[in-house]
Amino acid sequence: MKTLLISTLILFYQLTATAQQNTVSGTVQDNTTKEILPYVTVAVKDSALKTLVIAITDDHGIFHLEKLPLGKMTITFSFMGYQDYYQSLEITPDKTQIELGSIILQTNSIQLSAVEINTEKPNISLKLDKKVFEAGKDVLSQNGSASDVLNGVPSVAVSPTGTVSLRGNSNVLVFINGRQSGLTQNNALDQISADQIDKIEVITNPSSRYDASGSAGIINIILKKNKKSGFNGQVRFVAGSPNDSRINPSINYKSNKINIFSNFSIRSSDYIGLYTTNQSTVNNGTTSILNRVQNENRHDDGKLLYFGADYFVNEHQAITAAFLKNATHDNDKTHLLYDYSNADAIEDSVLTRKGKSLEKREYNQLELNYTRTFKQKAKKWTVDVQYDWWNSNKNWDLSTQRLLPTTLTYPGIRTNSTGSSKDFLAKSDFIQPIDSVSTFEFGIKTEIRKVTSDFLAEEQQDNNWVVYQNIDNQMDYTENITGAYTQFSDKINHFTYMIGLRTEFTRVSITDIKNTYSDEKKYNKLFPSVNMSYKFDASTLQLNYSKRINRPPLYALYPFNELTDLNAQYIGNPELNPSYSDIFELAFLKTWKKLTLNPSVYYQREKGYIQDYTYRENDIFYTTPINIQYETRSGIELSTLYNPLKWLQINTELNFYQYEQKGSYMQQNLDYDGKTFTGRLNAQIKLPAKYSFQSRYNFRGAQHNAQSKNAALQSIDFGLSKILLKDKATLVFDVTNAFNLRQNKTTTTGTDYLFTENSSPNAARYRLSFVYRFNLTDSKAIRQASSANRN
């Protein structure tokens, strides 16, 4: 690995040892809001209108054109929804570096007909510290939720239970518009309509600007912005089988001084799950067999409200205030059947358990933002304050009966879990350009989080309820994180680099009223990052390094176990420590007229790696998270985008990696090394009469560790869309998990047991949606639940 890094650094040095070129630079802004405009097409043409150089503005609306000849030329700026802008320029031997300052684009008063998104932006772009994937107008990204969109992003996968992973690693941090949000917790991504998403940023090696959390990296979901004056919006209706009914209106208003945005969502969804277990255990030399079947019917009702406003104080100052409320009410029913027999398959006993669960969750978020820009381009100061508070209440009622050899009704059991949280966050960032290519940046952040959770289990005795197995406790969790960072970026001809350093001090306290757990942990770490990039004419080479931390989530710390299953329980581990990762990545992006190629190689070493450990005690299987010594991963990834014909687009993704795990727990050696492979094939066909068809095949290879083996997993999704009513409406039909292929099979082995589980939490789903847009024809112009003031 060291040889590869040294060779690459030498290559970067050799490539940058070139003479300075004739250059033209500046920024592009909206004429009304003065908002910077990224991805504006900038072209320079000679007197014969031949294109000499073409580029797009970056995330800060900055353009920088090089290798221009001497003489008179015309520079043009074009962007969807704005009038084209032309300006003459002349480069002479005495004036080889031209600074145009701010270019102001006027909005186009004529409504635009629908255009293809890939004519405005590349589907994949490689920035200095991230990859950017345009959400586009593919069929499977219109009808579903944010989870469906993420399932189509290279390197990213969402499991049937809603777990997001990056390159097979679930220790990933998910942001909304660059911020943590309640919409990324407890499967709430399902509440975000797919057509609200503008683009997805995949940051496998985050710079120091970002939080150090998430050993796999960061996924940043960027929601759309409203760029159209006056009232506009859309309303979406969805119906599905199993039941998936949604109504999602969005209304926005924009003027010179204010931008009001709102998004509402009402959802009613049913999920059908099937779980089976085949288990063999040995007790004192006697083998017992268990066949377990669990049928699950889950019903979720959800309501989401998000509204706010941007107030433009003047040309350089803006204030944003927004409020989010996400309330869900779940009604779940489960039926478990336990069939016990001996080694000769002679039935011993049969038990059945029925459970009913009612859960209410309510999440609230208040956010404030102040943004100050300056006459100097890219200079910016932001202040963000966010306050979150949520509460939840979940009740289980369980009834158990023995059917064989004789009937017997066991006492009823009920559990209650109540939780609440308060989370305050404040941060400030400042960007100071030194010159047209060099930038210095620094920021501070503090977050205070307090969570309380009560858990009570009771058993019925006659007409009374008594505490069951002494399960009655309350746990308090407090987390304080204070951080600061600084970073510097510069550009030398085609070579760009950014170096940064972040420090985070964390203090965690866990206590309970029984004094069973009382622990306080403090840790302060430095997190350096290095991002280097070299741009060729139509390609980019990139080398990145970052240090990351993976803090245990709350569910992994709480030692409260639900009693739904007689045979298996999950218990959190209050002694769990964070893990630390060092991540290296070398990536390349090459674009031709019809093909985009994006290969990369990566290496990651995670110290204190967190994984689940299963053990057997009193004939019950317990699973708990633990720290092992380390895990290393090294792999190669390849993403391609191919447009052989105007009506056909093919996207493939391949990821092969090998890993090594080392550690022990409960005197059991957990050392293991293995290899695995993931892949995705996506095809989209544009048909006559404004029809579009898309299909997607997903594959995940078998995965192992010292205790368990996950079999290969595959799934198929497809959809068909039709644009109606003069491009103001769209009708979409899609199928996810077609043929019920997405089933997770796990085999776990111990010294005196072997069991195989097959899980299918979500059956095949069929959906039909209709969306109508008013006062606009291009849905990319819709501002929904996002802030124009945030990076």
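Placed above this text is the structure.
A brief look at the structure comes next. Only a predicted model underlies this, so the values are computations on that prediction, with no experimental measurement involved.

1. Examining the overall build of the protein chain
Then, number 1: Within the protein chain, the secondary structure is distributed over three helices and 46 strands.
Then, number 2: The proportion of buried residues among the 791 residues of the protein chain is 52%.
Then, number 3: Partitioning the contacts of the protein chain with sequence separation of at least 6, the portion at a separation of at least 24 is 66%.
Then, number 4: Accessible surface for the protein chain amounts to roughly 34,900 Å². Of this, 55% is attributable to carbon and sulfur atoms.

2. A short note on the pattern of salt bridges
Then, number 1: A complete count under the given rule lists 30 salt bridges for this structure.
Then, number 2: Put simply, Arg-361 and Asp-330 hold a salt bridge, and the shortest N to O gap is 3.0 Å. With Arg-361 in strand S20 (residues 347–373) and Asp-330 in strand S19 (residues 317–342), the pair connects residues that are 31 residues apart, well separated along the chain.
Then, number 3: Overall, the relative accessible area of 7% leaves Asp-330 in the buried class.
Then, number 4: Beyond isolated ion pairs, a larger network of salt bridges with shared partners links Asp-211, Lys-445, Glu-447, Arg-502, Glu-504 and Arg-551.

3. A few points about the environment of Pro-552
Then, number 1: Tracing the backbone through its elements, the reader meets Pro-552 in the loop between strand S28 (539–550) and helix H3 (554–557).
Then, number 2: Assessed through its relative accessible area of 11%, Pro-552 is described here as buried.
Then, number 3: Between the C-alpha atom of Pro-552 and that of Ile-610, which follows or precedes it by 58 residues, the distance is 8.2 Å.

4. Some thoughts on the pairing of strand S18 (residues 286–314)
Then, number 1: The pairing of strand S17 (residues 258–283) with S18 spans 26 bridges and is classified as antiparallel. Each residue of the ladder has a partner; that of Asn-263, found in S18, is Tyr-306.
Then, number 2: Hairpin connection from S17 to S18: two residues lie between these consecutive antiparallel strands, with Asn-284 at a positive phi of about 55 degrees.
Then, number 3: Connecting the antiparallel pair S18 and S19 is a turn made up of two residues.

5. Considerations on the packing of aromatic side chains
Then, number 1: On inspection of all chains with the given rule, the structure shows 27 aromatic pairs.
Then, number 2: Ring pairing ties together the aromatic residues Phe-307, Phe-323, Tyr-387 and Trp-389, which thus form one cluster.
Then, number 3: The ring centre of Phe-374 lies 4.6 Å from the NZ or CZ of Lys-379, which sits over that ring.
Then, number 4: Stacked on the ring of Tyr-630, the Lys or Arg Arg-605 has its end atom at 4.1 Å from the ring centre.

Cut-offs and rules
- Residues numbered from 1 in each chain as written.
- Predicted model: local features only at pLDDT ≥ 70, side-chain atom pairs only at ≥ 80, totals over all residues.
- Heavy atoms only, no water.
- Helix = DSSP H or I, 4+ residues; strand = E, 2+ residues; numbered from the N terminus.
- Buried < 20%, exposed > 50% of the residue type's maximum accessible area, 1.4 Å probe, protein only.
- Contact = heavy atoms within 4.5 Å.
- Areas by Shrake-Rupley, 256 points an atom, 1.4 Å probe, with all protein chains shown as cover.
- Salt bridge = Lys/Arg side-chain N within 4 Å of Asp/Glu carboxyl O.
- Pairing = 2+ DSSP bridges.
- Phe/Tyr/Trp six-rings, centres within 6.5 Å; stacked < 30°, edge-to-face > 60°.
- Lys NZ or Arg CZ within 6 Å of the ring centre and 35° of its normal.

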